[in-house]
Amino acid sequence: MTTSTETSGTDLVTEALRTGTLAGLPEGHFINGGFVRPAHNRRMESFDPGRGEAFAEFAAGTAEDVDDAVASARHAFETVWRDTLPVERGRILMRASRLIQDNLERLAVAETLDSGKPIAEARGDVRGAARTFEYYAGACDKLEGESFPLGPDYLAYSIHEPVGVTAHIIPWNFPISTAARGFAPALAAGCAIVAKPAEQTPFTALMLAEILSQAGLPDGVCNVVTGTGAEAGAPLTRHPGIDHITFTGSVATGRQVMKAAADDITRVVLELGGKSPVVVLKDCDLDQAIAGVLGAIYENAGQICSAGSRLIIERPIQDEFLAALAARAKALSLGHGLRGPDVGPVNSAAQLDKIAGFVARARQQGAEILAGGKATTDPETGKGWFYEPTIVARLSPRDEIVQEEVFGPVLAVQSAEDADHALALANDSQYGLVAGVYTSDLGTAHRLARRIDAGQVFINEYFAGGIEVPFGGNKKSGFGREKGLEGLKSYCKTKSVAARIT
Ligand code: NAI
Ligand code: MG
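Computed from a predicted structure; not experimentally measured. (Residues numbered from 1 in each chain as written. Chains lettered and ligands numbered in written order. Predicted model: local features only at pLDDT ≥ 70, side-chain atom pairs only at ≥ 80, totals over all residues. Heavy atoms only, no water.)

A. The arrangement of the overall build of the protein in detail. Regarding its fold elements, the protein presents 16 helices and 24 strands. Rg of the C-alpha trace for the protein: 23 Å, near the compact-globule value of 23 Å for 502 residues, within the 12% margin. Structurally, the protein occupies a C-alpha span of about 70 × 65 × 40 Å along its principal axes. Taken across its 502 residues, the protein has 57% of its residues classed as buried. Counting contacts in the protein only where the partners sit at least 6 residues apart, residues at least 24 apart contribute 74% of the total. Here the protein has roughly 19400 Å² of accessible surface; of this, 50% comes from carbon and sulfur atoms. (Helix = DSSP H or I, 4+ residues; strand = E, 2+ residues; numbered from the N terminus. Rg over C-alpha atoms; globule rule 2.2 N^0.38 Å. Buried < 20%, exposed > 50% of the residue type's maximum accessible area, 1.4 Å probe, protein only. Contact = heavy atoms within 4.5 Å. Areas by Shrake-Rupley, 256 points an atom, 1.4 Å probe, with all protein chains shown as cover.)

B. Structural detail: the sheet that holds strand β5 (residues 147–148). Sheet architecture is open: 3 strands sit in the order β5-β6-β24, paired in antiparallel fashion. Each of the sheet's edge strands pairs with one partner strand only, and the pair in question is β5 and β24 (492–500). Here β5 pairs with strand β6 (residues 154–162) via 2 bridges, running antiparallel. The residue of β6 that forms the bridge with Phe148 is Ala156. (Pairing = 2+ DSSP bridges.)

C. Main features of the packing of aromatic side chains. One pass over the full model with this rule turns up 9 aromatic pairs. Here Phe30 and Phe35 contribute two aromatic rings whose centre-to-centre distance is 5.0 Å and whose plane-to-plane angle is 80°, an arrangement assigned as edge-to-face. Judged by relative accessible area, which is 31%, Phe35 ranks as partly exposed. Lying across the ring of Phe174, Lys117 places its NZ or CZ 3.8 Å from the centre. It is Lys483 that lies over the ring of Phe471; its NZ or CZ is 5.3 Å from the centre. (Phe/Tyr/Trp six-rings, centres within 6.5 Å; stacked < 30°, edge-to-face > 60°. Lys NZ or Arg CZ within 6 Å of the ring centre and 35° of its normal.)

D. Looking closely at the nonpolar core. Judged by nonpolar contacts, the single largest core of 88 residues is most densely connected at Phe133, Phe183 and Leu212. Sequence-distant contacts of Leu212, defined by excluding residues within four places in its chain, comprise Leu93, Ala96, Phe133, Phe183, Leu187, Leu217 and Cys222. Counting residues in hydrophobic clusters, the runner-up holds 54 residues, among them Ile317, Val359, Tyr387 and Val406. (Core = buried A, V, L, I, M, F, W, Y, C linked by side-chain atoms within 4.5 Å.)

E. Broad picture of the domain arrangement of the protein. One can read the domain layout of the protein as domain 1 (9–272 + 480–495) and domain 2 (277–466). Taken together, the contact pairs 30 residues of domain 1 with 28 residues of domain 2. The junction of domain 1 with domain 2 conceals about 2300 Å² of combined surface from both sides, 63% of it contributed by carbon and sulfur atoms. The largest per-residue losses of area from domain 1 upon contact with domain 2 belong to Leu17, Pro49 and Trp172, which jointly make up 22% of the total buried on that side. Here domain 1 and domain 2 share 1 salt bridge between them. Among the ionic pairs, Lys383 bridges to Glu53, the shortest N-O distance being 2.9 Å. On the surface where domain 1 and domain 2 come into contact, there are 8 residue pairs in polar contact (both at pLDDT 80 or more). Mapped by element, the contributors of at least two residues to the side of domain 1 that touches domain 2 are α1 (9–19), β3 (43–48), α4 (104–115) and α5 (119–137). No other element matches the 5 residues that α4 contributes to the side of domain 1 that touches domain 2. Split into classes, the residues belonging to the side of domain 1 that touches domain 2 amount to 13 nonpolar, 8 polar and 9 charged. (Domains from an automatic or database assignment. Buried area = accessible area lost by both parts, 1.4 Å probe. Salt bridge = Lys/Arg side-chain N within 4 Å of Asp/Glu carboxyl O. Polar contact = N/O pair within 3.5 Å; in protein donor to acceptor, adjacent residues only side chain to side chain. Nonpolar A, V, L, I, M, F, W, Y, C, P; charged D, E, K, R; others polar.)

F. Local environment of the site of ligand 1. Close to ligand 1 lie 27 residues; Trp172, Lys196, Glu199, Gln351 and Lys354 are nearest. The contact in question runs from an oxygen atom of ligand 1 to an N or O atom on the side chain of Trp172, over 2.7 Å. Separating an oxygen atom of ligand 1 from a side-chain N or O atom of Lys196 is a distance of 2.7 Å. Alone, ligand 1 offers 810 Å² of accessible surface; in the complex the protein occludes 86% of this. Of all elements in the fold, only α8 (229–238), β10 (244–248), α9 (251–263) and α12 (349–364) reach the threshold of two or more residues within the shell around ligand 1. Looking at which domains feed residues into the shell around ligand 1, each of domain 1 (9–272 + 480–495) and domain 2 (277–466) gives three or more. (Near = heavy atom within 4 Å.)

G. Highlighting the coordination of the magnesium ion (ligand 2). At the metal site, the magnesium ion (ligand 2) is ligated by Ser46 (OG), Phe47 (O), Asp114 (O), Asp114 (OD) and Gln200 (O), and these contacts range over 2.2 to 2.8 Å. If you list the donors of the magnesium ion (ligand 2) from N- to C-terminus, the spacing comes out as S-F-x66-D-x85-Q. Here Phe47, found in strand β3, pairs with Asp114, found in helix α4; they are 67 residues apart in sequence, far enough to count as distant. Overall, the relative accessible area of 2% leaves Asp114 in the buried class. (Donors = N, O, S within 2.8 Å, 3.2 Å for Na, K, Ca; no water.)

H. Main features of the pairing of strand β4 (residues 53–59). One ladder, built from 6 bridges, connects β3 with β4; its direction is antiparallel. Looking at β4, one finds that Glu45 is bridged to Glu57. Count of turn residues in the β3/β4 antiparallel hairpin: 4 residues, of which Gly52 carries a positive phi of about 65°.

Rendered as structure tokens:
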């Protein structure tokens, strides 16, 4: 892999803009420590959403490839990794963290080409991935058990064993972040991995597997099989050699994964959709709240499971707030992610159609469009899959656009009479992933935080927190927690040992 010292960051961006691709992208699956051809030798195209054109090919994997990857992971788990000294596991993860940093530009350019996201966001995701490995590197030798007081005749204690071979099904909106957030704790716990990145964004998971190998991870501990959900993802989730599945994606696919896991009683963590509320109360700091709401819905063009896609605004400040917000939304620049726009394209033509459909139906039902509301293209090239930063108002709680995840840059506005009404609206959802609260009254903030049904609540800064803070959903947003030490527990099984010693 070329390092950023060989080709500087700006060179890579300029080169990628000129050629429309990135030289030296991985080819094949990553199995047993190296790149291998797919069993059926079929390939698929990956698209650059900023141009709406294919820019590279990757392996279209099938059940045979999944079998090879699972066998390789099982062998590496049983013969090497589960017995590797915890301190040594930590050193490998720490080296991986540094190598991710060394390859920051290359990974970020690959991520932007493949997903469409602005290069600054891609760089942030790569830094976050490095930080994730750093965080879990330090946890490898601190997976401590407990002892239990049974009196003088017994000794009882617990140990945390790795669950075994873990499957990671990764979506296209945060390819490297989601991979890192699963790989690092799984490896820290002593598990071996088979991952299946989304077919829209296969490359950075493969690059990460290669980096882990360069960091000293034994062959077979981390495997990546690319391909579609039906041909590669489903065989992986059904595979009897898998002990745990971490799935991030849609509710519909999550349901299928959970059913597949049921056959073998395989453990699952499901991180699914959201329709997360941002509650803005009349005593908030307006500038802080406007900036927060904008980032919550327009970062990654709104394609974030935890996007703040519902603004719940207290009526006395509604008109002033919405006028300022709409002006800011209209001023956001759109463009190819490599040119550093405020907002990039959405990931696929299908996703663009889906977003446009939601807004068209809301419009038909009499909603008011305060900003945006149209599909568009990169103003420089006339190409790509873009949707204008959009605000939809005059809605009632049962409207489709209030209840369903759009997964695009579309904010639905709801009005609240007071904090209690805001709370009721916030919880009136099938989802419960995250929520934001903007207020200068800390008592109200924490009272709402306690009563909002969500896995994570942000006060006065949306997306506050980092890898240290557990993350995951309630209700149809799924269950299980990633990140933090809690995230590590998903990859461990507790064994308790009780002995009579007299
Ligand atoms: P998806 O949930 O089908 O895809 C996510 C991952 O699951 C991909 O790697 C895919 O290949 C894999 N997959 C698909 N079918 C599978 C199966 N039967 N067994 C195992 N793995 C399978 O989501 P998709 O189709 O990409 O997007 C549809 C909608 O889902 C989006 O419009 C968005 O609303 C939502 N979504 C939510 C995400 C989140 O972070 N919560 C991420 C991606 C999509
Ligand atoms: Mg792509």
